[in-house]
Amino acid sequence: MAHFLDELNDVQRAAVTTTEGPILVIAGPGSGKTRVLTYRIAHLIEKGAAPWEILALTFTNKSAREMKERIAGVVGNRAESVWAGTFHAIFARILRAEASKIGYSANFTVYDTDDTTSLIRTLIKEKNLDPNTYNAATIRTRISLAKSNLLSPTAYRGNVELQQQDLAAQRPYLADVYEAYVQRCRRAGAMDFDDLLFQLYRLFRENPDNVLDKYRKKFRYLHVDEFQDTNFLQYAILRQLVRYDGSAENIFAVGDDAQSIYAFRGATIDNILDFEKDYPRLQTFKLEQNYRSTHHIVSAANEVISNNRRQLNKTIWTDKNESRRIKLLKCLTDDEEARKVADLILEQKHRYHLPNSEIAILYRTNAQSRKFEEQLRRHNLSYKIFGGLSFYQRKEVKDLVAYLRLSVNPHDEEAFRRVINYPARGLSSATVDKLGQLAVERGLSLWDAMLLPELALSDRARKALGAFRKMVDAWSARARQDSAYKLASDIYRQSGLQEALKADTTTEGISRQQNAQSVLDGISEFSDTGLDAAGAIAGDDRTLAAYLQTITLLTDSDTTSDERDYITLMSAHAAKGLEFRSVFVTGMEDNLFPSYMAREEPNGLDEERRLFYVAITRAKEHLTISFAKTRYRFGQIRESKPSGFLSEIQIAHFEAVGGIGAGRNTAATDTYDQPRAAVSGNFTTPTRRNQTPKTAPPPPNFQPAPPDKIVAGSKVLHLKFGEGLVIAIEGPRDGKVATIQFYNDELPERRIVLKFAKLQIL
DNA sequence: GTTTCGCATCTTTTT
DNA sequence: GATGCGAAAC
């Protein structure tokens, strides 16, 4: 009967059929992780579990959708009742149902990153803090991290380590900003992404009997995908949900510590490592056979990841013993890189009959997509860029959505500020400032402050404000009963937005109209079918409020498109969980991949390495790695060196193609024939046959700098090791030790006592 | 009150 | 290279 179990190997089957108790599946890349997860759920249903007793939490809508589809493939439409979705989407759904218990309206707004940043910016201005030291994006990250670790503003203030960090960064008032931020979100009836977790935790903690218990009983089987990317808070909620009352603790977590790439967002491998401590009866399964990639790819990946210190013991292997090697593209410029990649794609398509959909170009930063886009267009290859500016971040879309949000929740401050005078209706910033000031004084939302008699305004402004309020009020009254689509299209018209967009008849203007229109189309589909924009079933709640809460949690890769056969362009992060027959990992240069930002983070380099690991393990058959000598960055041309990660791959896995410049058969492969020199070779000396000497003669104008002049971040020149970057300085005043990464060195970094070393600052 | 222009600033990854 | 912000022109 359960023939699908026959498609599994022994370990996979054991994991799938162990239905009770806590289970951890460590799943290497391409080891059938999704299959195990979906078959396990299918198996549970076949064995008689009700679909609605099953909860499956993922990180992206896409994988949730995929999972549902695959479960449906086995058990049919029963799959629809399984609670599968992202942490944020599922939690938002619960919060919406229980909002009143924590003092929120069911119509609460979800603030996205832009809203959050903009609110923080407002607060910094209100508090007269310097916006340079109090960088809104930095503060957003810190607040987010605090919430992810369950630290309230009060707890934040009491945390010695955090306080010291803030003091060191000259930001003593950060906790105040945090506190004000929380207050303002609450006043606006808004939750940010972290609140969807934080508030749920609070809801459960404060209502153990009437809320938590209900959900504990409801969800008999918990599943977590990408467990390595969960943060402390997510783990805490999972602990709340797993039943303790004598019955089995049915939590099934799947993850791979080697693919943890979201530490910057608060994810912690500790969750995997602590899992066993928290659940002594834990059963662990290791999926080590890679069914995806060929031998050279798997070996290269293993070699790279073995440089990381802290990891779970496992051996990924494959039986695909094809001889095809990894291609390395050395390029002079980023332009050339894009050209070579496009050319190679054409060649591969012909030679191996690769459809576009089996090809992906990956990069570290979204900004790198541009050059590839140009080249692919030149060759008439269809492509799709994921990430970057998503549909819902476009101005016209945000404007329309802001009006919709306001009609559902007039206290939404960010939506309010966005549209109060767009299209222009005679409400200047001076008026809004006055309103904002009064609102702060009285502790009210902007919407409520509008009614205060002491709001001193000109007659003209007062009239305009009154008209605005009346308009929004009328929408609010309809929000409860009217169809979402009817209301939304009326709002589009009555707000004046439609007219404003129509006035612009340029091509971009017309596309803006279309974008606004497609928001309305999406709402129409939602009210008709209950399908949200991600194609997921949102339940029976078809109000505008329900719709708005879903779209904030969407990203680009969730919007479905009609074009199917395209080449995929995305960041390495976005590629996690995907696979392609041919993968291009591009921009493999120092300070780009690994990112220069990673240097400042403890273990930052390890995380970058895991990211590289994720990138190369996306490839099934063809893996091409490229890097460029010069690249346009920060608005100017910069020189770069090949990524240090490349030298972690044994030369035997590479096949060399192309060379620096036009020399096709001459020196092209020279530097690659010698193991260590594979990529640590210095670009600045494009020698032909001779290797660059390891130590250059001292330049005549060498001038050592006094030790106290050298600080973290300094670029220095060392007589023996050459150029390097100072990562950290530590130790007592007269015994300072610098950790320096030398660009041209076999060691990743060296510790040097400044008193003795002679270093010139560059 | 509104628009436009120039300046500055910051560019890692995302639900 | 893109975006936001402030000042000056309209």
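Being a predicted model, the structure only gives us computed values, none of them experimental.

Colleague: Break down the overall build of chain A for me, citing the residues and quoting the values.
Modeller: A count of helical and extended segments in chain A gives 27 helices and 21 strands. Residues counted as buried form 53% of the 762 residues belonging to chain A. Sequence separation of 24 or more characterises 73% of the internal contacts of chain A that already satisfy a separation of 6 or more. Summed over all atoms, the accessible surface of chain A reaches about 34400 Å², with 50% contributed by carbon and sulfur.

Colleague: How would you explain the sheet that holds strand β2 (residues 54-58) if you had to name every residue and give the values?
Modeller: Read across the sheet, 6 strands follow the order β3-β2-β6-β7-β1-β8 without closing on themselves; strand pairing throughout is parallel. Looking at which strands have only one partner, the edges of the open sheet turn out to be β3 (83-86) and β8 (283-287). Across the sheet, the axes of successive neighbouring strands diverge by a mean angle of 15°, strand direction being ignored. For β2 and strand β6 (residues 221-224), the ladder comprises 4 bridges, and the chain directions are parallel. The partner of Ile54 across the bridge, within β6, is Tyr221. Strand contacts of helix α2 (residues 33-46): β1 (23-27), β2, β6, β7 (251-255) and β8, with the helix running at about 170° to β6, the strand carrying the most contacts.

Colleague: Break down the packing of aromatic side chains for me, citing the residues and quoting the values.
Modeller: On inspection of all chains with the given rule, the structure shows 21 aromatic pairs. Ring plane angle 75° and centroid distance 5.7 Å describe the contact between Tyr156 and Tyr178, whose orientation is recorded as edge-to-face. In this pair, Tyr156 is assigned in helix α7 (residues 153-158) and Tyr178 in helix α9 (residues 174-187), connecting sequence segments 22 residues apart. Classification of Tyr156 by relative accessible area gives buried; the value is 1%. Centroid distance Phe416 to Phe468: 5.8 Å. Interplanar angle 90°. Geometry classified as edge-to-face. Here Phe468 lies in helix α21 (residues 459-479) and Phe416 lies in helix α18 (residues 413-419), a separation of 52 residues in the sequence. An identical accessibility class is assigned to Phe416 and Phe468; each is buried. Grouped by ring-pair contacts, the aromatic residues Trp83, Phe204, Tyr215 and Phe219 constitute a single cluster. In this structure, Arg265 is placed above the aromatic ring of Tyr262, and the distance from its NZ or CZ to the ring centre is 4.5 Å. The positively charged end of Lys395 is found above the aromatic ring belonging to Tyr422, 4.0 Å away from the centroid.

Colleague: So, the protein's contact with DNA strand C: which residues are in play, and what are the values?
Modeller: Taken together, Arg121, Arg370 and Gly635 are the residues near DNA strand C. At 3.0 Å from a phosphate oxygen of DNA strand C is found a side-chain nitrogen or oxygen belonging to Arg370.

Analysis parameters
- Residues numbered from 1 in each chain as written.
- Chains lettered and ligands numbered in written order.
- Predicted model: local features only at pLDDT ≥ 70, side-chain atom pairs only at ≥ 80, totals over all residues.
- Heavy atoms only, no water.
- Helix = DSSP H or I, 4+ residues; strand = E, 2+ residues; numbered from the N terminus.
- Buried < 20%, exposed > 50% of the residue type's maximum accessible area, 1.4 Å probe, protein only.
- Contact = heavy atoms within 4.5 Å.
- Areas by Shrake-Rupley, 256 points an atom, 1.4 Å probe, with all protein chains shown as cover.
- Pairing = 2+ DSSP bridges.
- Axes fitted to C-alpha atoms, helices over the stretch in contact; angles between N-to-C directions.
- Phe/Tyr/Trp six-rings, centres within 6.5 Å; stacked < 30°, edge-to-face > 60°.
- Lys NZ or Arg CZ within 6 Å of the ring centre and 35° of its normal.
- Near = heavy atom within 4 Å.
- Polar contact = N/O pair within 3.5 Å; in protein donor to acceptor, adjacent residues only side chain to side chain.

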